[in-house]
Amino acid sequence: MLKKVVLGLTIGWAGLLVLGFAAMYGYGTLNSTYMVMVEHGHDRVTEQFDWENGDIGIEKRSRKHTAAYCDVVPANGEERQIISPRKRSQHYRYYERWFSGPATMTCDQEVTVRTGTALQVYELATSRLFQIGLAVAAAVPLGLAINWVYGLVRIRRR
């Protein structure tokens, strides 16, 4: 009876960790701004993003191996161009604010912008160290419980 309870608890623990990871990844992924392309006269640029506070992470949405170039025009401060990573596998590029007050941003390709808590949660959820640690925290207790219940590995005492 005790063995079945322990096995059930460890399966529940592993499931809870998987659901927690899915919730974190979903929150970081879905709480972002997708900048889509619009026509401005003869130019094709993304819709305008209002950067009001905090740092941002930008990630391009297309599969092309070119970077997205974004023009940031602040109300108070120097105008700059920021660049996304070239490949989608590099997740995002992080930028700190160099200006005070709000700024507007437009890009030459479609990009995803994350700010605030969504950026921090996404950064944690996509971290390899966090993913491996979570997998170990789920697999080790589950493996030990399965071994204890079904006796797959016997330790002999002399």
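Residues numbered from 1 in each chain as written. Predicted model: local features only at pLDDT ≥ 70, side-chain atom pairs only at ≥ 80, totals over all residues. Heavy atoms only, no water.

Caption draft 1: Just the packing of helix H1 (residues 2-30) against helix H2 (residues 116-125), in detail. Contact pair H1 / H2: the axes reach a minimum separation of 8 Å and the direction vectors enclose 135°. Taken together, the axes of H1 and H2 are oblique relative to one another. Pair H1 / H2 crosses with left-handed handedness. On H2, the residues touching Phe 21, Met 24, Tyr 25, Tyr 27, Gly 28 and Thr 29 of H1 are Thr 117, Ala 118, Val 121, Tyr 122, Leu 124 and Ala 125. Its residues placed into classes, the contact of H1 with H2 shows nine nonpolar, three polar and no charged. (Axes fitted to C-alpha atoms, helices over the stretch in contact; angles between N-to-C directions. Helix = DSSP H or I, 4+ residues; strand = E, 2+ residues; numbered from the N terminus. Parallel < 35°, antiparallel > 145°, perpendicular 65-115°, else oblique. Left-handed = near helix turned anticlockwise from the far one by under 90°. Contact = heavy atoms within 4.5 Å. Nonpolar A, V, L, I, M, F, W, Y, C, P; charged D, E, K, R; others polar.)

Caption draft 2: Structural context of the sheet that holds strand S6 (residues 69-76). If you walk across this open sheet you meet the four strands as S4-S9-S6-S7, and the pairing is antiparallel. Only two strands of the sheet have a single partner each, and these edge strands are strand S4 (49-51) and strand S7 (80-83). In this sheet, neighbouring strand axes are inclined to one another by 30° on average, regardless of whether the strands run parallel or antiparallel. Where S6 and strand S9 (residues 100-107) come together, six bridges link them in antiparallel fashion. Pairing of Asn 76 across the sheet is with Ser 100, part of S9. (Pairing = 2+ DSSP bridges.)

Caption draft 3: Up close: the state of the cysteines. Under the counting rule described, the total for this entry stands at one disulfide. Disulfide partner of Cys 70: Cys 107, at an S-S distance of 1.9 Å. Taking the torsion about the sulfur-sulfur bond, which here is approximately 105°, the covalent link between Cys 70 and Cys 107 counts as right-handed. Of the two residues, Cys 70 sits in strand S6 while Cys 107 sits in strand S9, which places them 37 residues apart along the sequence. (Disulfide = S-S within 2.5 Å.)

Caption draft 4: Representation of helix H3 (residues 128-150) within the structure. Compared with an ideal rise of 1.5 Å per residue, which puts 23 residues at 33 Å, H3 spans 32 Å between its outermost C-alpha atoms and is within 8% of the ideal. Among all positions in H3, only Leu 134, Ala 138, Ala 145 and Val 149 are buried. Structurally, H3 contributes buried residues whose contacts are with H1. Within two residues after H3, Gly 151 carries a phi angle of roughly 60°, on the positive side. (Expected span 1.5 Å × (residues − 1). Buried < 20%, exposed > 50% of the residue type's maximum accessible area, 1.4 Å probe, protein only.)

Caption draft 5: A look at the nonpolar core. Trp 51, Ile 56, Ile 58, Ile 82, Met 105 and Val 113 are the most contacted members of the largest nonpolar core, which has 16 residues in total. Counting residues per element, the ones that place at least two in this core are S4, strand S5 (56-60), S6, S9 and strand S10 (111-115). In terms of residue count, the dominant contributor to this core is S9 (three residues). Contacts of Met 105, omitting those with residues within four sequence positions, involve Met 35, Glu 47, Gln 48, Phe 49, Ile 56, Ile 58, Cys 70, Asp 71, Val 72, Ile 82 and Val 113. (Core = buried A, V, L, I, M, F, W, Y, C linked by side-chain atoms within 4.5 Å.)

Caption draft 6: Structural view of the sheet that holds strand S8 (residues 93-95). With antiparallel pairing, the four strands of this open sheet are ordered in space as S1-S10-S5-S8. Sheet topology places strand S1 (33-35) and S8 at the edges, where each strand pairs with a single neighbour. The average angle at which neighbouring strand axes cross in this sheet is 25°, direction not considered. Here S5 pairs with S10 via five bridges, running antiparallel. Counterpart to Ile 56 in the pairing with S10 is Thr 115. The strands touched by H2 within the sheet are S5, S8 and S10, with S10 carrying the most contacts at an inclination of about 105°.

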